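The residues making up each chain are set out below.
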Amino acid sequence: QKEVEQNSGPLSVPEGAIASLNCTYSDRGSQSFFWYRQYSGKSPELIMSIYSNGDKEDGRFTAQLNKASQYVSLLIRDSQPSDSATYLCAVNYQGNLIFGKGTKLSVKP
Amino acid sequence: EPEVTQTPSHQVTQMGQEVILRCVPISNHLYFYWYRQILGQKVEFLVSFYNNEISEKSEIFDDQFSVERPDGSNFTLKIRSTKLEDSAMYFCASSDWLAENTGELFFGEGSRLTVL
């Protein structure tokens with residue numbers, strides 16, 4: 001059974017702070033990892049992908065991958081109220097994405 | 001920007017009825033997927049489709065479900081005899097050949113199915 005685990009939250013941070021979202025996965029052979037953002041009632045929207053150990057930065061978002069620990073994280077700097085959403089961690093298992101339950105982030109003005 | 005489109009956006013049906021959800025994937029994409037999300041729960045993989053056949057399916061995708069690519073543009077999900085527990089948002093997704101290996105999927109806006 002392929003598992004992707006996330007803390008469901010809610011995670012509440014003040015506007016301008018750093019939000020840190022974490023994810024662990026069960027299959028050591030996984031190579032591709034993704035963070036999707038999902039607003040309530042909407043479809044998942046890809047915001048970051050990461051394939052190699054280390055950090056990958058894109059604007060205010062930084063994804064971190066540690067394959068030895070089977071751990072993926074997403075940092076959101078200078079959090080904005082518009083970042084309030086559920087963040088889904090997804091792992092590619094043989095071409096199919098398996099999602100975690102998501103972490104609900106609330107950014108307070 | 002190319003996008004995946006789904007119809008209907010919301011369908012209400014009686015238990016036991018057949019439902020067909022339709023999707024138009026991005027035109028140059030080769031891999032197609034259906035996912036579902038029961039309210040308040042996680043996005044779950046149902047089935048993947050490539051070269052006019054199912055590539056992989058989950059335990060959820062039982063004999064009540066079928067997929068079809070009836071022409072060059074549409075990709076459909078049929079639920080033969082709906083049950084109450086089929087009530088969910090159904091997302092279609094597509095990817096190109098690179099994304100099939102990297103997992104970068106493009107999702108439609110979803111079709112909400114309500115079974116009464």
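Trainee: Can you walk me through the overall build of chain B in this structure?
Mentor: Across its full length, chain B holds 1 helix and 11 strands. The C-alpha atoms of chain B give 13 Å as radius of gyration, which agrees with the globular expectation for 116 residues (13 Å, within 12%). Within chain B, buried positions represent 45% of all 116 residues. A separation of at least 24 residues holds for 54% of the contacts in chain B among residues at least 6 apart in sequence. Taken as a whole, chain B presents about 6000 Å² of accessible surface, with 47% of it coming from carbon and sulfur. A distance of 7 Å separates the average location of the 9 positive side-chain charges in chain B from that of its 17 negative side-chain charges.

Trainee: Sorry, what's going on with the state of the cysteines here?
Mentor: Taken as a whole and judged by the stated rule, the model has 2 disulfides over all chains. The side chain of A:Cys23 participates in a disulfide bridge whose partner is A:Cys89; the two sulfur atoms lie 2.0 Å from each other. Torsion about the S-S bond of the A:Cys23 and A:Cys89 cystine: about -70°, corresponding to left-handed handedness. With A:Cys23 in strand 3 (residues 19-25) and A:Cys89 in strand 9 (residues 85-93), the pair connects residues that are 66 residues apart, well separated along the chain. Given a relative accessible area of 1%, A:Cys23 falls into the buried group. A:Cys89 gets classed as buried once you look at its relative accessible area, which sits at 0%. Sulfur-sulfur distance for the disulfide between B:Cys23 and B:Cys92 comes to 2.0 Å. Around the S-S axis, the bridge from B:Cys23 to B:Cys92 shows a dihedral of about -65° and counts as left-handed. With B:Cys23 in strand 3 (residues 19-24) and B:Cys92 in strand 9 (residues 88-95), this residue pair connects regions lying 69 residues apart in the sequence. Of the two residues, B:Cys23 and B:Cys92, neither departs from the other in class, the shared state being buried.

Trainee: What exactly am I supposed to notice about the pattern of salt bridges here?
Mentor: Residue and element names in this part refer to chain A. Applying the stated criterion to the full structure yields 4 salt bridges over all chains. Glu57 is the salt-bridge partner of Arg77, the closest N and O atoms lying 3.5 Å from each other. Here the residue Arg77 occupies a position in the loop between strand 8 (71-76) and strand 9, and Glu57 occupies one in strand 6 (residues 54-58), the gap between them amounting to 20 residues. Given a relative accessible area of 27%, Arg77 falls into the partly exposed group.

Trainee: Honestly, the interface of chain B and chain A in this entry has me stumped. Any pointers?
Mentor: Many authors give the size of an interface as the accessible area that is lost as the parts come together. Taken together, the 19 residues of chain B in the interface contact 20 residues of chain A. Roughly 1600 Å² of surface becomes buried between chain B and chain A when both sides are summed, with 48% attributable to carbon and sulfur atoms. For the interface between chain B and chain A, the tally reads 0 salt bridges. The interface formed by chain B and chain A holds 4 residue pairs in polar contact (both at pLDDT 80 or more) in total. Of all elements in the fold, only strand 4 (31-37), strand 5 (43-50), strand 9 and helix 1 (97-102) of chain B reach the threshold of two or more residues within the side of chain B that touches chain A.

Trainee: Help me understand the packing of aromatic side chains, please; the structure alone is not making it clear to me.
Mentor: Two aromatic rings are characterised by how far apart their centres lie and by the angle between their planes. Under the definition given, this model contains 15 aromatic pairs over all chains. Consider the rings of B:Phe91 and B:Phe107, whose centres lie 6.2 Å apart with planes at 90°: the pair is edge-to-face. Within this pair, whereas B:Phe91 is found in strand 9, its partner B:Phe107 is found in strand 10 (residues 106-107), the two being separated by 16 residues in sequence. Like B:Phe107, B:Phe91 is buried. Within the aromatic cluster, the residues linked to one another by ring pairs are A:Tyr36, A:Phe99, B:Tyr33, B:Tyr35, B:Phe45, B:Phe91 and B:Phe107.

Trainee: Honestly, the pairing of strand 8 (residues 75-79) of chain B in this entry has me stumped. Any pointers?
Mentor: The side chains of a regular strand alternate, residue by residue, between the two faces of the sheet. All names here are of chain B. Within strand 8, 4 of the 5 residues are buried, which leaves it mostly tucked inside the rest of the structure. Inspection of the sheet shows strand 3 paired to strand 8 by 5 bridges, in the antiparallel sense. Note that in strand 8 the partner of Arg22 across the bridge is Thr76. Summarising the sheet, strand 7 (residues 65-68) and strand 8 pair through 4 bridges and their orientation is antiparallel. Counted as the bridge partner of Val67 is Leu77 from strand 8.

Trainee: For this particular structure, what's the right way to read the sheet that holds strand 1 (residues 5-7) of chain B?
Mentor: Either a parallel or an antiparallel arrangement is found when strands of a sheet pair, and the pairing is made through backbone hydrogen bonds. Residues and elements named next belong to chain B. Judged by pairing direction, the sheet is antiparallel, and its 4 strands sit side by side in the order 1-3-8-7 without closing on themselves. Since the sheet does not close on itself, it has two edges, and those belong to strand 1 and strand 7, each with one partner. For this sheet the average axis-to-axis angle between neighbouring strands, irrespective of direction, equals 20°.

The rules behind these values
Residues numbered from 1 in each chain as written. Chains lettered and ligands numbered in written order. Predicted model: local features only at pLDDT ≥ 70, side-chain atom pairs only at ≥ 80, totals over all residues. Heavy atoms only, no water. Helix = DSSP H or I, 4+ residues; strand = E, 2+ residues; numbered from the N terminus. Rg over C-alpha atoms; globule rule 2.2 N^0.38 Å. Buried < 20%, exposed > 50% of the residue type's maximum accessible area, 1.4 Å probe, protein only. Contact = heavy atoms within 4.5 Å. Areas by Shrake-Rupley, 256 points an atom, 1.4 Å probe, with all protein chains shown as cover. Lys, Arg positive; Asp, Glu negative; His and termini not counted. Charge placed at Lys NZ, Arg CZ, Asp CG, Glu CD. Disulfide = S-S within 2.5 Å. Salt bridge = Lys/Arg side-chain N within 4 Å of Asp/Glu carboxyl O. Buried area = accessible area lost by both parts, 1.4 Å probe. Polar contact = N/O pair within 3.5 Å; in protein donor to acceptor, adjacent residues only side chain to side chain. Phe/Tyr/Trp six-rings, centres within 6.5 Å; stacked < 30°, edge-to-face > 60°. Pairing = 2+ DSSP bridges. Axes fitted to C-alpha atoms, helices over the stretch in contact; angles between N-to-C directions.

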